[in-house]
Amino acid sequence: MNLTHLKCFAVVAQEQSITRAAEKLYISQPAVSKMIHQLETELAVALFDRQGRTIVLNRAGELFYSYVTEVLDSLNRGIQAVAGGVDTTVYPLEITLEVASSLIPQIVTTIQTKFPNVRLNLKQHSVMATNLQHADFIITSRLLPDFVSIPLMKEEIFVGGQAASLTNKRFIQMKDLPTKQLIGLTPQSPLRQTIDRYFAAIDQPLNFMYEADDPATVRGLLEAGVGVGFIPAVTWQKVGRQLHIARLTPEPLERTLYLSTPKRSQTNIQREIGNELIRLFLNYQTTALKI
């Protein structure tokens, strides 16, 4: 594997065509096909799904592409830095977090460390009705129509609290939930909507004793032992480690988080930051709460 292989792979991934990639690279189609084959052989995994003349990145290819683009972009920045000095351009970037606001410190630290020229504008759960077309990225648990959305992860949602009724329980049914002390977000929040859909499907409406529109408030009430609530295994893992947690049965409660963008084409800096956000969530998934 060398730089030529990686550049060739990136162009094929962007064009989704051996023919167009060959034209763009000014080399023959057999040469492009050979480099892709060599790369897949070395990695011992197929990077594309092939259907006739159509070639499309598969899941392994999408993951590898995120790393390759970062390497190529970093190399280009290094070349530009050597040739033209330090880049002092300020890049504005807007991220809306409908979910996962607990990860804001990690997101900001990552971007500050790796992209010091980025001026970051963060919007949170309280602005769900805002026109999302202005955002560069949206972290959400819903599929947004006409947006480009990449699944970040699937996380289970546990029941957790300091209540004695949960102590030593690994599994819990709806009838066993201590509803008189149930704490949750307001019905407008994405997490609450996921929870409500789950219980509506089994015809078991919930009766919350305490509601708040701020996830940090709910987490604080749970830590204080006020009641019992719902704990996403990845994004709420910090508070979950302070509580007794149990899995809902007979079917676990889960949600999928997405990284969405209204932009069909991205600048280099947007693409790099998108890759960093994907990597951050993948890393956090490895430390998820477990039963």
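For the structure itself, look to the data block above.
Residues numbered from 1 in each chain as written. Predicted model: local features only at pLDDT ≥ 70, side-chain atom pairs only at ≥ 80, totals over all residues. Heavy atoms only, no water.

Enquirer: So, the overall build of the protein chain: which residues are in play, and what are the values?
Expert: Each helix and strand in the protein chain was counted, giving 9 helices and 12 strands. When its C-alpha atoms are laid out on the principal axes, the protein chain stretches across 70 × 45 × 30 Å. Taken across its 291 residues, the protein chain has 46% of its residues classed as buried. Considering only contacts in the protein chain between residues 6 or more positions apart, those separated by 24 or more positions represent 77%. Working note: accessible area of the protein chain is about 15400 Å², and carbon and sulfur atoms make up 53% of it. The centroid of the 29 positive side-chain charges in the protein chain is displaced by 2 Å from the centroid of its 26 negative side-chain charges. (Helix = DSSP H or I, 4+ residues; strand = E, 2+ residues; numbered from the N terminus. Buried < 20%, exposed > 50% of the residue type's maximum accessible area, 1.4 Å probe, protein only. Contact = heavy atoms within 4.5 Å. Areas by Shrake-Rupley, 256 points an atom, 1.4 Å probe, with all protein chains shown as cover. Lys, Arg positive; Asp, Glu negative; His and termini not counted. Charge placed at Lys NZ, Arg CZ, Asp CG, Glu CD.)

Enquirer: Break down the nonpolar core for me, citing the residues and quoting the values.
Expert: By size, the foremost hydrophobic cluster in this structure holds 57 residues, and its most contacted members are I139 and F230. In terms of residue count, the dominant contributor to this core is helix α9 (residues 268-285) (6 residues). When sequence neighbours within four positions are dropped, the list of residues in contact with I139 reads I95, T96, L97, E98, V99, A100, I107, L152, Y258, L259 and F281. Formed by 22 residues, the second largest nonpolar core is a distinct cluster that contains A13, I18, L39 and F64. (Core = buried A, V, L, I, M, F, W, Y, C linked by side-chain atoms within 4.5 Å.)

Enquirer: Describe in detail helix α5 (residues 104-114), supporting the description with residues and values.
Expert: Considered for burial, the residues of α5 that qualify are I104, I107, T110 and I111. Seen from one end, α5 has its buried residues packed into an arc of 135 degrees, which puts them on one side. Exposed side chains of α5 directed beyond 90 degrees from the buried face belong to Q112 and T113. (Arc of directions from axis to C-beta.)

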